[in-house]
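Working through the structure, step by step
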Amino acid sequence: MRSLLWLAVVGLAVAEDGLAAWLRYARVPGASRHLGKLPSAVVTLNATKGYPVHTAGQELVDGIGGLFGKKLTVAKSKPKGTTATVGTVSAYVDKNPSAAKGLPDLVEDGFYLKISKGNVLILGQNERGALYGAFHYLSVIAQGNVSDFTLTSNPDAPVRWVNQWDNMQDGGTHGSVERGYGGDSIFFWDGHIREDLTRAGQYARLLASIGINAVVANNVNANASILTPENMDGLARIADVFRPYGVQLGVSLNFAAPQLLGGLDTFDPLDKAVVNWWQGIADNLYKRIPDMAGYLVKANSEGQPGPMTYNRTLADGANLFARTLQPHGGIILFRAFVYDHRSLNQTLDWKADRANAAVDYFDGLDDKFEDNVVIQIKYGPIDFQVREPVSPLFTHLRRTGATVELQITQEYLGQQAHVVYLAPMWKELLDFDLRVDSKPSTLKSIVSGKRFGQKLTGYAGVVNVGTNTTWLGSHLAMSNLYAYGKLAWDPEQTSTGILKEWTTLTFGHDKLVHDVITKISMESWPAYEDYSGNLGIQTLTDILLGHYGPNPGSQDGNPWGQWTRADDDTIGMDRTVWNGTGFAGQYPPEIAAMYENIETTPDNLLLWFHHVPYTQKLKSGKTVIQHFYDAHYKGSATAQTFVTLWEKLKGRIDKERYEHVLFRLIYQAGHSLVWRDSVNQFYFNKSGIPDELGRVGNHKYRIEAEEMELKGYKSYRVSPFEAASGYHCVVTETNSTVGTATTKLKVPSGKYDLAVNYYDMALGNSTWELFVDRKLVGKWKGDLEYELGRAPSPYIDGQTAARKTFRGVRVKKGSELKVVGRPDGLEPAPIDYISVLPEGTVD
Ligand code: GCV
């Protein structure tokens, strides 16, 4: 009873599954004191059900009800008492012509707020802007600020889209999400649009609250069948659930659809029949969805068809769609992620470089695009890596507008199983000055259209939410979605400011909760970079499989072009003009000169631009190889602290989210050690250069499973070798044999943390039991594939390597330590090693 009372006092929701994200409208501390400063009724101007002004009215009622327990009524005209009036500027001026003079200029989607003694005026340039204003007001009061203020807020750029990479189906019947770690598609099922689109509507609500104005629902690797009449009807239903939130629908197209779906014998963009076919598609879509945003197209990339199949230019391809959209007011985002992986040869061509592709393909086309074409450019020249320079293509398009493509789904950044707060990385990219014509030319000034004056510019975020109630598979990952919307609206906002807002709205006002989430989040990207790939070498993940766990060797020797060119003595891509791939020369002269010269290239991009010996000295005075070793130790040490920091929050937030996050942070702490040891072991093995501090390859607390006394278990050589301590693990002799690995401990009697490193493959759910002197310390199951959304793997490798730790276990000198592994399915209960760690030690 007491604890229930206490929860009520501090305003905590008792159990939360994450579905409401930052729109929980949880009671504000001391709510009753503020009632007089709030409106008593809502007036909506010219509201129509199903449109944003009506939604805004509803949100104000729900929001103020939830946040303060004050019940508001909705009225069409001004009632007695304080009111919240919401509508468009024009609707307001129609009613109050004399007010026009005092109102500020708003750009499309902008809003104006005036809060005065409980009276609230919320005006949007359009209906969507009015809804944004309502959400903004609710966010301010949810943070406990009920004072008077006036605010004019205009978006920095008109295009603020998200891209979902949702497949219509994936082999079986379900709609999967490419690089999605939060469950199945909320839009598609069994090749069709879902009947129940409740989640799609809830998604639109979240997106509207952060200023996102369009969603492309289907994967850029598009299935032509999205354009069947039945699926077009389905798309119209998605647009219907988006519309109340002012979110427009966009559609990804398959360039070969005229052939695949239309029965034509060509998809040549200059063929008349093809042009007519696409015009018919646009007309049919707009008949069903008059406010459709437009298209997204990935062409001639990673096996996708495109105009170059017919020796046409990318502009020919983009313009084909652009012209069919013009009568309807739609726009096309045409992706610059164009490269031909089949033509890249690492061994034969020192100058081959995937990073060159975008500029190579788009240079000279700037004045060839129709006005409603926007080029969508990934932030870096390769592919959402942990560290990349800003794509030079942004400086080559001065007439045609560009959007920067950011990735909220953490494909190469821990797949939501590792916490990585991305706003600091995005800020660094957006603030980077590309010095076009030797003038200030930050990326944010280019994508806002201010630098070159284009009208259509902005942001595209790959989000990939799924049916999981947490949306992204992890509560903490949602700060990235929130930050994406906030930065697309206003890139001047700070990473910490955005985080503070998000934390209050998501977890409440407790200072310790804020301190912990801020510390973990702000340290998370540097830590991840430290343990996953530093000095600009990119994320050293498994490039051929899930893009998740460590596998430095997989980067090279294949045509995917994410090369490191590491050999026994040297490492890095030479992208200089004088001796390398010439990529540095794609930047404006000042930036090109900086990257061309090893002395002026920042350390964190050294290996992106230069090929150097492992003994090359950095500006810090360390060698490249010692920096690798140290950074991997440092980053993984930071990840361990996330667990203890989070544990301070026990009882201060609801149990459901506390446990959910804790589970992931413990997993991350263990997996960061897998990253550390794999990468360090790989380069130690290659270079033969020992770690000055003697850590790499020396693990005095570890007992290798293959060196224990084995019964029913056998030694197994792991591939890649660096994914196992001592290159080996043990696996059960057959799929049904129970394995035991036993040893006598030689450590002095005392309390220890016992950490078991094992592999949790997606082929079964083995169980393991750990005993000390025949007493069960603990048991666990190999079911991470259900607990974590990260790409599942059937292999014993860096993706599946995991750690289970039992803290403070009492052992005696000579105690018997035993692990019993029970295989399941094709998973042979693999164990790598057991660390017997004096308390507080990590290894
Ligand atoms: C949707 C990377 C990803 C692919 C993705 C592609 C793209 O290569 O691994 O899953 O495809 O980028 O952005 O088109």
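Only a predicted model underlies this, so the values are computations on that prediction, with no experimental measurement involved. (Residues numbered from 1 in each chain as written. Predicted model: local features only at pLDDT ≥ 70, side-chain atom pairs only at ≥ 80, totals over all residues. Heavy atoms only, no water.)

So, about the overall build of the protein chain. Looking only at helices and strands, one finds 20 helices and 29 strands in the protein chain. In terms of C-alpha radius of gyration, the protein chain reaches 28 Å, essentially the compact-globule figure of 28 Å for 843 residues. Each principal axis of the C-alpha distribution contributes one length, and for the protein chain these read about 90 × 75 × 55 Å. Looking at the protein chain as a whole, 63% of its 843 residues are labelled buried. Expressed as a percentage of contacts within the protein chain between residues at least 6 apart in sequence, the contacts between residues at least 24 apart total 73%. Of the roughly 30700 Å² that the protein chain leaves accessible, carbon and sulfur atoms contribute 52%. (Helix = DSSP H or I, 4+ residues; strand = E, 2+ residues; numbered from the N terminus. Rg over C-alpha atoms; globule rule 2.2 N^0.38 Å. Buried < 20%, exposed > 50% of the residue type's maximum accessible area, 1.4 Å probe, protein only. Contact = heavy atoms within 4.5 Å. Areas by Shrake-Rupley, 256 points an atom, 1.4 Å probe, with all protein chains shown as cover.)

Here we take up the sheet that holds strand 20 (residues 709-711). Backbone hydrogen bonds hold the strands of a sheet together, and the pairing may be parallel or antiparallel. Taking strand neighbours across the sheet as the criterion, the five strands line up as 20-23-28-25-26 in an open arrangement whose pairing is antiparallel. Two strands lie at the open edges of the sheet, namely strand 20 and strand 26 (775-781), each paired on one side alone. Strand-to-strand, the axes of this sheet are offset by a mean angle of 15 degrees, without reference to chain direction. The sheet contact formed by strand 25 (residues 767-772) and strand 28 (residues 816-822) spans six bridges and is antiparallel. Bridged to Leu770 within strand 28 is Val819. (Pairing = 2+ DSSP bridges. Axes fitted to C-alpha atoms, helices over the stretch in contact; angles between N-to-C directions.)

Moving on, we come to helix 13 (residues 478-489). The terminal C-alpha atoms of helix 13 lie 17 Å apart, and with 12 residues this matches the ideal 16 Å at 1.5 Å per residue to within 8%. Those residues of helix 13 that sit buried are Met478, Ser479, Asn480, Leu481, Tyr482, Ala483, Tyr484, Gly485, Lys486, Leu487, Ala488 and Trp489. (Expected span 1.5 Å × (residues − 1).)

We now examine the side chain of Thr564. Residue placement: Thr564 occurs in the loop between helix 15 (511-532) and strand 17 (570-571). Within the local environment of Thr564, its side chain forms a polar contact with the side chain of Asp556, the two groups lying 2.5 Å apart. (Polar contact = N/O pair within 3.5 Å; in protein donor to acceptor, adjacent residues only side chain to side chain.)

Taken together, the neighbourhood of the ligand is formed by 14 residues, with Glu178, Lys298, Arg335, Lys378 and Glu411 sitting nearest. At a separation of 2.6 Å, an oxygen atom of the ligand approaches a polar side-chain atom of Lys298. Contact distances for the ligand include 2.7 Å between an oxygen atom and a side-chain N or O atom of Arg335. Considered on its own, the ligand offers 340 Å² of accessible surface; in the complex 97% of this is hidden by protein. Split into classes, the residues belonging to the shell around the ligand amount to three nonpolar, three polar and eight charged. (Near = heavy atom within 4 Å. Nonpolar A, V, L, I, M, F, W, Y, C, P; charged D, E, K, R; others polar.)

This paragraph deals with the pairing of strand 13 (residues 331-335). The element strand 13 is largely enclosed, with a buried count of five among its five residues. Neither face of strand 13 is exposed, since Ile331, Leu333 and Arg335 on one face and Ile332 and Phe334 on the opposite face are all buried. Bridge count for strand 12 (residues 294-297) against strand 13 is four bridges, and the pairing is parallel. Paired with Gly294 across the bridge in strand 13 is Ile331. Handedness of the β-α-β unit built from strand 12, helix 9 (residues 314-325) and strand 13 comes out right-handed. For strand 13 and strand 14 (residues 373-378), the ladder comprises four bridges, and the chain directions are parallel. (Right-handed = clockwise from strand over helix to strand, strands pointing away.)

Gaps between atoms show up when a probe of the same size as a water molecule is rolled over them. Considering all chains together, one arrives at eight cavities of 30 Å³ or more under this definition. Lining the largest cavity are 14 residues; nearest its centre among them are Ala336, Phe337, Ala358, Pro381 and Ile382. Those elements that place two or more of their residues in the lining of the largest cavity are helix 10 (357-362) and strand 14. Split into classes, the residues belonging to the lining of the largest cavity amount to 10 nonpolar, two polar and two charged. Counted as a void, the second largest cavity has a volume near 90 Å³. In terms of lining, the second largest cavity is formed by 15 residues, of which the most central are Val674, Ala723, Ser725, Asp832 and Tyr833. Looking at the lining of the second largest cavity, the elements with two or more residues in it are helix 19 (655-687), strand 24 (750-759) and strand 29 (831-838). No other element matches the five residues that helix 19 contributes to the lining of the second largest cavity. A per-class count over the lining of the second largest cavity returns eight nonpolar, four polar and three charged. (1 Å grid on protein atoms, 1.4 Å probe; cavity = no way out; pocket = protein on both sides within 12 Å on 5 of 7 lines; lining within 4 Å. Points joined across faces, edges and corners; volume = space filled by probe spheres on them.)

Assignment of secondary structure puts Arg199 in helix 5 (residues 198-209). Judged by its relative accessible area of 16%, Arg199 falls in the buried class. Each C-alpha atom of the pair Arg199 and Gly697 lies 49 Å from the other, and the pair is 498 residues apart in sequence. Aside from chain neighbours lying at most four places away, what touches Arg199 is Leu19, Ile186, Gly466, Thr467, Asn468, Thr469 and Trp471.

Turning to the packing of aromatic side chains, a few remarks are in order. A complete count under the given rule lists 36 aromatic pairs for this structure. For the pair Tyr295 and Phe321, a centre-to-centre distance of 6.1 Å together with 85 degrees between the ring planes defines the contact as edge-to-face. Of this pair, Tyr295 sits in strand 12 while Phe321 sits in helix 9, placing them 26 residues apart in sequence. Measuring from ring centre to ring centre gives 6.4 Å for Phe362 and Phe369, while their planes differ by 25 degrees; the resulting arrangement is stacked. The burial state of Phe362 is the same as that of Phe369; both residues are buried. Members of the aromatic cluster, connected to one another through ring pairs, are Phe255, Phe267, Trp277, Trp278, Tyr295, Tyr310 and Phe321. A cation over an aromatic ring shows up here: Arg695 above the ring of Tyr633, its NZ or CZ 4.3 Å from the ring centre. (Phe/Tyr/Trp six-rings, centres within 6.5 Å; stacked < 30°, edge-to-face > 60°. Lys NZ or Arg CZ within 6 Å of the ring centre and 35° of its normal.)

Quick look at the sheet that holds strand 7 (residues 159-166) now. Judged by pairing direction, the barrel is parallel, and its eight strands sit side by side in the order 7-10-11-12-13-14-15-16 before closing back on the first. Each strand of the sheet is rotated relative to its neighbour by a mean of 25 degrees, with strand direction disregarded. Here strand 15 (residues 401-407) runs beside strand 16 (residues 458-462); their pairing, made up of five bridges, is parallel. The residue bridging Val404 from the neighbouring strand is Tyr459, located in strand 16. The strands touched by helix 9 are strand 11 (248-253), strand 12, strand 13 and strand 14; relative to strand 13, the strand with the most contacts, the crossing angle is about 160 degrees.

UniProt's feature table lists "domain: Alpha glucuronidase N-terminal" (unreviewed entry) at residues 21-137, given in the numbering used throughout. Strand forms 21% of residues 21-137 and helix 30%; the C-alpha atoms that close the span are 17 Å apart. (UniProt positions renumbered as here; feature names shortened; annotations may be inferred.)

All right, on to a nonpolar patch on the surface then. On the surface, Leu544, Leu545 and Tyr795 cluster together into a nonpolar patch covering about 300 Å² of accessible area. Of note, Leu545 is situated in the loop between helix 15 and strand 17. In this structure Leu545 comes out as partly exposed when scored by relative accessible area, which is 40%. (Patch = residues over 30% accessible without salt bridge, like charges linked within 9 Å, V, L, I, M, F, W, Y side chains within 5 Å. Salt bridge = Lys/Arg side-chain N within 4 Å of Asp/Glu carboxyl O.)

What follows is about the nonpolar core. In terms of nonpolar packing, the biggest core is built from 214 residues, with Trp22, Tyr203, Tyr295 and Trp646 touching the most fellow members. Of the residues forming this core, the biggest block, 10 residues, is contributed by helix 18 (residues 624-647). Residues in contact with Tyr295, not counting those within four places in the same chain, are Trp161, Val251, Leu253, Ile281, Ala282, Leu285, Phe321, Thr324, Leu325, Ile331, Ile332 and Leu333. Among the nonpolar cores identified, the runner-up in size contains 30 residues, and Tyr667, Tyr713, Leu745 and Val809 belong to it. (Core = buried A, V, L, I, M, F, W, Y, C linked by side-chain atoms within 4.5 Å.)

Across all of its chains, the model carries 46 salt bridges by this definition. Of the charged contacts, one joins Arg179 and Glu411 as a salt bridge, the two residues approaching to 3.2 Å between their closest N and O atoms. Residue Arg179 is located in the loop between strand 7 and strand 8 (188-189), and its partner Glu411 is located in the loop between strand 15 and helix 11 (423-431); the two are separated by 232 residues in the primary sequence. Connected through shared salt-bridge partners, Glu16, Arg24, Asp654 and Arg657 make up one network.

On to the packing of helix 2 (residues 52-68) against helix 4 (residues 127-142), then. Their axes nearest at 8 Å, the elements helix 2 and helix 4 cross at an angle of 10 degrees. Overall, the two elements helix 2 and helix 4 adopt an arrangement that is roughly parallel. Residue-level contacts link Pro52, Val53, Thr55, Ala56, Glu59, Leu60, Gly63, Ile64, Leu67 and Phe68 of helix 2 to Glu127, Arg128, Ala130, Leu131, Ala134, Phe135, Tyr137, Leu138, Ile141 and Ala142 of helix 4. A per-class count over the contact of helix 2 with helix 4 returns 15 nonpolar, two polar and three charged. (Parallel < 35°, antiparallel > 145°, perpendicular 65-115°, else oblique.)

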